Amino acid sequence: MKIAVIGTGYVGLVTSTCLAESGNDVIGIDKDAAKIARLEAGQLPIYEPGLLELVQRNRREGRLVFTTDLATGIADVQLIFIAVGTPPGKDGEPDLGAVWAVGDAIAAAAKDAKIVIIKSTVPVGTNHQLTKLLASRTQIPHDVVSNPEFLKEGAAVDDFMKPDRVVVGVRNERVAEVMNELYAPFLRTERPFLAMSPESAEMTKYVANAMLATKISFINEMANLCDALDADINDVRRGIGHDVRIGFQFLFPGAGYGGSCFPKDVQAVLSMARQRNVPTHLMNAVEQVNYAQKQVLFRKVKQHFGPALREKTLAIWGLAFKPRTDDIREAPALTLIDALLAEGVPLRVHDPEALANVRAIYGNRLEYCERPYGALEGADGLVIVTEWPEFRRPDFDLVRRLMREQVVFDGRNLYEPRVMAGLGFVYYAIGRQGTASVRNDAG
Ligand SMILES: NC(=O)c1ccc[n+]([C@@H]2O[C@H](COP(=O)([O-])OP(=O)(O)OC[C@H]3O[C@@H](n4cnc5c(N)ncnc54)[C@H](O)[C@@H]3O)[C@@H](O)[C@H]2O)c1
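What you see is a predicted model, and the numbers here were worked out from it, not measured in a lab.

(A) Structural view of the overall build of the chain. The helix and strand inventory of the chain stands at 18 helices and 14 strands. Since a compact globule built from 443 residues should have a radius of gyration of about 22 Å, the 24 Å found for the chain is in line with a globular shape. Counting only C-alpha atoms and orienting by the principal axes, one finds that the chain spans roughly 70 × 50 × 40 Å. Looking at the chain as a whole, 54% of its 443 residues qualify as buried. Restricting to contacts in the chain with at least 6 residues of sequence separation, those with at least 24 account for 72%. Accessible surface, the chain as shown: approximately 19700 Å² in total, 52% of it carbon and sulfur.

What follows is the structure in structure tokens.
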């Protein structure tokens, strides 16, 4: 099939590349000329494991090209994916400006009927509105499909190539068949193709993220309670996880969820509910718990050092909102950095991929360290915010020697409190009695 994908960000670039990989002719379109120039030079504008090789191979084989020219780009294609950003707007309602701009551009440029597929995460009713927008601007009968994306940054290529399911919101049987054919190569292992109404498809994406955010806030709240009751959330987690109704997935306590999706999508759920006067006690609480959890590391740091905090230098490992990405949107590390900078604490930060994005925000207010151990030199403590695999088994002798004080604040429960005590560290974790138990009395 001939396909255009509009937006070459985390979702659009993975979508266009994986669709080319399965044999389609794909053109990736973005208004950001710098991004397109990098892609045309064979480089990635983002970090995503495994993606660079696929982009390079499919470009070489002529199945994947990039342009900033939307009108020419969509001229010969049958399918157009919209994968532009839908950032939070006012009152948590997603800003759909980019979606409407692309809708206008398609209506103005398309000379024949297209299947327009909304892959961006959009509020329920957007498919209907885009259908109306196109019908009001052109006589050509375009179809509009909702096809939410469930990929995870850091494992995006794998998730797209082997999805748990494909959800398609579609009104028309013929179009559903085209979509089924498009996704057939990715669903060979009996994964389902789920056709439903566009409204249900749009809602499915929000409900999935609302559920995942709820699990995180749930386990974080229980972890804080464990801290206060001298129980160990890791034992508790194992104690509940073997119950098949509960399971182990996504029940790891931490420093709060971030990223470009959960915070924005929870807010969008709240905004949709507000507009329809539907109460949302649970979602309100999920958001509040997360807001408080993003402060938990700062609270522990402040309680440990007290007024002396102002004279300390701290190292931070892990800045991306999760491992294996360079994405720092809404990252808990930024909340921590802001709070520590406000206290005047000098910070030495390290992340395997996200340093450039963090530097773009903080400039010379932070010390950027290319190596994890470099960040520890002369630090009075280490705070771990993101669980990159390379942080799991550091050389603790070296860590101890490099730091002025042997204190570790672990926002991801990477280490065993007893082992850390044996190594001579003062160790704080989340919901586990570290070597120094701290009560969480906020949030
Ligand atoms: N990032 C994720 O993990 C993820 C997962 C599932 C769904 N989503 C959803 O997918 C959508 C895209 O997310 P993302 O993370 O890829 O965003 P992103 O910010 O990385 O990429 C969006 C791209 O769209 C481009 N763009 C904006 N307006 C445009 C226009 N008028 N014409 C052409 N290009 C335009 C931008 O330049 C940018 O490159 C969002 O709705 C998001 O909620 C994201």
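Read on, since the account is not over.
(B) Inspection of the nonpolar core at higher detail. If you look at the biggest cluster of nonpolar residues, it comprises 59 residues, and the most contacted ones within it are Leu-314, Ile-316, Trp-317, Leu-340, Leu-347, Val-383 and Tyr-415. Counting residues in hydrophobic clusters, the runner-up holds 40 residues, among them Leu-44, Val-55, Leu-64 and Met-179.

(C) Region of the structure containing the site of the ligand. If you check the shell around the ligand, you find 25 residues, and the closest are Asp-30, Lys-35, Thr-86, Glu-153 and Lys-264. Interatomic distance of 2.6 Å between a side-chain N/O atom of Asp-30 and an oxygen atom of the ligand. Taking Lys-31, its main chain carries an N or O atom lying 3.3 Å from a nitrogen atom of the ligand. When the ligand is considered free in solution it has 830 Å² of accessible area, and contact with the protein chains removes 88% of it.

(D) Structural context of helix H5 (residues 97-109). The end-to-end C-alpha separation of H5 is 18 Å, in line with the 18 Å expected for 13 residues at 1.5 Å each. Of the positions making up H5, those classed as buried are Val-99, Val-102, Gly-103, Ile-106, Ala-107 and Ala-109. At its buried positions, H5 is contacted by strand E1 (2-6), helix H4 (70-73), strand E4 (79-82), strand E5 (115-118) and helix H6 (126-137).

(E) Seen up close, the side chain of His-350. Checked against the element boundaries, His-350 lands in strand E10 (residues 347-350). A distance of 2.9 Å separates a polar side-chain atom of His-350 from the backbone oxygen of Cys-369. Excluding anything up to four places from it in sequence, His-350 contacts Ile-316, Trp-317, Gly-318, Leu-319, Leu-355, Cys-369, Glu-370, Arg-371, Pro-372, Ala-375 and Phe-391.

(F) Structural view of the sheet that holds strand E12 (residues 382-384). In space, the six strands of this open sheet follow the order E11-E10-E9-E12-E13-E14, with parallel pairing throughout. Each edge of the open sheet is held by one strand with a lone partner, namely strand E11 (367-368) and strand E14 (426-428). Of the pairings in the sheet, the one linking strand E13 (residues 407-410) to E14 comprises three bridges and is parallel in character. Bridge pairing in E14 links Val-407 to Val-426. In the packing of helix H14 (residues 332-342) onto the sheet, the strands contacted are strand E9 (314-317), E10 and E12, and the crossing angle to E9 comes to about 170 degrees.

(G) View of the packing of helix H9 (residues 198-229) against helix H12 (residues 281-293). Relative orientation of the contacting elements H9 and H12 amounts to 55 degrees, with a least axis distance of 9 Å. The pairing of H9 with H12 is recorded here as oblique in orientation. Remark: the crossing between H9 and H12 carries left-handed chirality. On H12, the residues touching Ala-210, Ala-213, Thr-214, Ser-217, Asn-220, Glu-221 and Asn-224 of H9 are Leu-282, Met-283, Val-286, Val-289, Asn-290 and Gln-293. Residue classes in the contact of H9 with H12 are distributed as six nonpolar, six polar and one charged.

Cut-off values and rules
- Residues numbered from 1 in each chain as written.
- Predicted model: local features only at pLDDT ≥ 70, side-chain atom pairs only at ≥ 80, totals over all residues.
- Heavy atoms only, no water.
- Helix = DSSP H or I, 4+ residues; strand = E, 2+ residues; numbered from the N terminus.
- Rg over C-alpha atoms; globule rule 2.2 N^0.38 Å.
- Buried < 20%, exposed > 50% of the residue type's maximum accessible area, 1.4 Å probe, protein only.
- Contact = heavy atoms within 4.5 Å.
- Areas by Shrake-Rupley, 256 points an atom, 1.4 Å probe, with all protein chains shown as cover.
- Core = buried A, V, L, I, M, F, W, Y, C linked by side-chain atoms within 4.5 Å.
- Near = heavy atom within 4 Å.
- Polar contact = N/O pair within 3.5 Å; in protein donor to acceptor, adjacent residues only side chain to side chain.
- Expected span 1.5 Å × (residues − 1).
- Pairing = 2+ DSSP bridges.
- Axes fitted to C-alpha atoms, helices over the stretch in contact; angles between N-to-C directions.
- Parallel < 35°, antiparallel > 145°, perpendicular 65-115°, else oblique.
- Left-handed = near helix turned anticlockwise from the far one by under 90°.
- Nonpolar A, V, L, I, M, F, W, Y, C, P; charged D, E, K, R; others polar.

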